[in-house]
Amino acid sequence: MSVADISADIKAVIEEKKCGPIFIRLSWHDAGVYSAGAKTGGCPNAAMRFTDAGEGTFGANAGLPDVAVGFLKPVADKYVPGTISNADLWALAANVATECMGGPKIPTRFGRKDAATSAEGVEGQEGRLPDGDKGIPHLREIFHPKGFTDKDIVALSGAHTVGKCHADRSGFDGAWTEAPLSFDNSYFKEMLAKEYADETTAQGCPQKKHGASGTIMLISDLALLEAPFREYVELYAKDQEAFFKDYTAAWVKLQENGCEGLRDTL
């Protein structure tokens, strides 16, 4: 059983279910709880698979313990725990998904340890995971304690080039780009090219919508048009390779925050 074997099985699921974006979100929310600021601790340990309490019950993670983990279940049943941990599988699935959708090839290291119970997750999402209805101060409050720069914040936000918001999960509704299964720099290009109007979803969440295409941006997305973030938005809109390079560096850091002793092989 090799990384290539596992990756092939993940790719087959992605191609059948068109679920690449939610695999990226699963890894991001597993790893993104890490913080070294007012909140400390947290690491990618697949604590979300427990839904009695903890990370599996966070509002920010709605849809992940059931939908995303459900899509990966056939692969997990085949390889976990004998060959790979759930946490490593989630990281690998995100990276396979990114490449499958046209994005960069992201290296995956292994050795993340799975939580044994929900109690091994963090205490809450506040101060750890970002809110879509807030601006630059909030983004910096969330991302800087994880070791990310303003440039990293813009690069990581570029993951919104794929996927969509689901009203029954986040309260927001719609896709960010017109090709939500293509991992490219469309997020930045569309953000700069389109005019967005204020909208409130049926769930009462404020967002921005482009009338003709129906695509959306969140308040936290359009906040990136403010200085000094805008220079990176403009760079990535015109230079996809620059986006891929910076995204890969920031994403690997995100996936490895809070981990020790990771290795290049299973």
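Residues numbered from 1 in each chain as written. Predicted model: local features only at pLDDT ≥ 70, side-chain atom pairs only at ≥ 80, totals over all residues. Heavy atoms only, no water.

### A few points about the overall build of the protein chain
Part 1 of the reasoning: On a plain count of helices and strands, the protein chain comes out with 10 helices and 7 strands.
Part 2 of the reasoning: Expected size for 266 residues packed as a compact globule is a radius of gyration near 18 Å; at 17 Å, the protein chain falls within 12% of this value.
Part 3 of the reasoning: In terms of overall dimensions, the protein chain has C-alpha extents of about 50 × 35 × 35 Å along its principal axes.
Part 4 of the reasoning: Looking at the protein chain as a whole, 52% of its 266 residues are labelled buried.
Part 5 of the reasoning: Looking at the protein chain alone, contacts between residues at least 24 apart form 69% of all its contacts between residues at least 6 apart. (Helix = DSSP H or I, 4+ residues; strand = E, 2+ residues; numbered from the N terminus. Rg over C-alpha atoms; globule rule 2.2 N^0.38 Å. Buried < 20%, exposed > 50% of the residue type's maximum accessible area, 1.4 Å probe, protein only. Contact = heavy atoms within 4.5 Å.)

### Quick word on helix H1 (residues 3-17)
Part 1 of the reasoning: Taking 1.5 Å as the rise per residue, H1 with 15 residues should run 21 Å; its terminal C-alpha atoms sit 21 Å apart, in good agreement.
Part 2 of the reasoning: Of the residues making up H1, those classed as buried are Ile6, Ser7, Ile10, Val13 and Ile14. Projected onto a plane normal to the axis of H1, the buried residues spread over an arc of 120° and lie on a single side. Set apart from the buried face of H1 by more than 90 degrees, the exposed residues are Ala4 and Glu16.
Part 3 of the reasoning: Contact partners of the buried residues in H1: helix H2 (20-31), helix H3 (64-79) and helix H4 (86-100).
Part 4 of the reasoning: Just past H1, the residue Lys18 takes up positive phi, approximately 55°. (Expected span 1.5 Å × (residues − 1). Arc of directions from axis to C-beta.)

### Observations regarding the environment of Asp150
Part 1 of the reasoning: Mapped onto the fold, Asp150 is located in helix H6 (residues 150-157).
Part 2 of the reasoning: Judged by relative accessible area, which is 15%, Asp150 ranks as buried.
Part 3 of the reasoning: For the pair Asp150 and Ala237, spaced 87 residues apart in the sequence, the C-alpha separation amounts to 17 Å.
Part 4 of the reasoning: For Asp150, the side chain forms a polar contact with the side chain of Arg140, separated by 2.7 Å. (Polar contact = N/O pair within 3.5 Å; in protein donor to acceptor, adjacent residues only side chain to side chain.)

### Focus on the layout of surface pockets
Part 1 of the reasoning: Approximately 1100 Å³ is the volume attributed to the largest pocket.
Part 2 of the reasoning: Considering the residues around the largest pocket, the lining is formed by 43 residues, among which Arg25, Trp28, His29, His160 and Trp176 are closest to the centre.
Part 3 of the reasoning: Contributions of two or more residues to the lining of the largest pocket are made by H2, H3, helix H5 (136-143), H6, strand E3 (164-165), helix H8 (219-222) and helix H10 (240-256).
Part 4 of the reasoning: For the lining of the largest pocket, the per-class residue count stands at 26 nonpolar, 10 polar and 7 charged.
Part 5 of the reasoning: As a volume, the second largest pocket reaches approximately 270 Å³.
Part 6 of the reasoning: Taken together, 13 residues line the second largest pocket, and the ones lying closest to its centre are Ser7, Asn95, Val96, Glu99 and Lys105.
Part 7 of the reasoning: Mapped by element, the contributors of at least two residues to the lining of the second largest pocket are H1 and H4.
Part 8 of the reasoning: Counting residues per element, the lining of the second largest pocket draws most heavily on H4, which supplies 5 residues. (1 Å grid on protein atoms, 1.4 Å probe; cavity = no way out; pocket = protein on both sides within 12 Å on 5 of 7 lines; lining within 4 Å. Points joined across faces, edges and corners; volume = space filled by probe spheres on them. Nonpolar A, V, L, I, M, F, W, Y, C, P; charged D, E, K, R; others polar.)

### What about H2?
Part 1 of the reasoning: Its 12 residues give H2 an end-to-end C-alpha distance of 17 Å, which sits within 8% of 16 Å, the value for a rise of 1.5 Å per residue.
Part 2 of the reasoning: The buried count for H2 comes to 11 of 12 residues, which makes it a mostly enclosed element.
Part 3 of the reasoning: Among all positions in H2, only Gly20, Pro21, Ile22, Phe23, Ile24, Leu26, Ser27, Trp28, His29, Asp30 and Ala31 are buried.
Part 4 of the reasoning: Structurally, H2 contributes buried residues whose contacts are with H1, H3, H4, H5 and H10.

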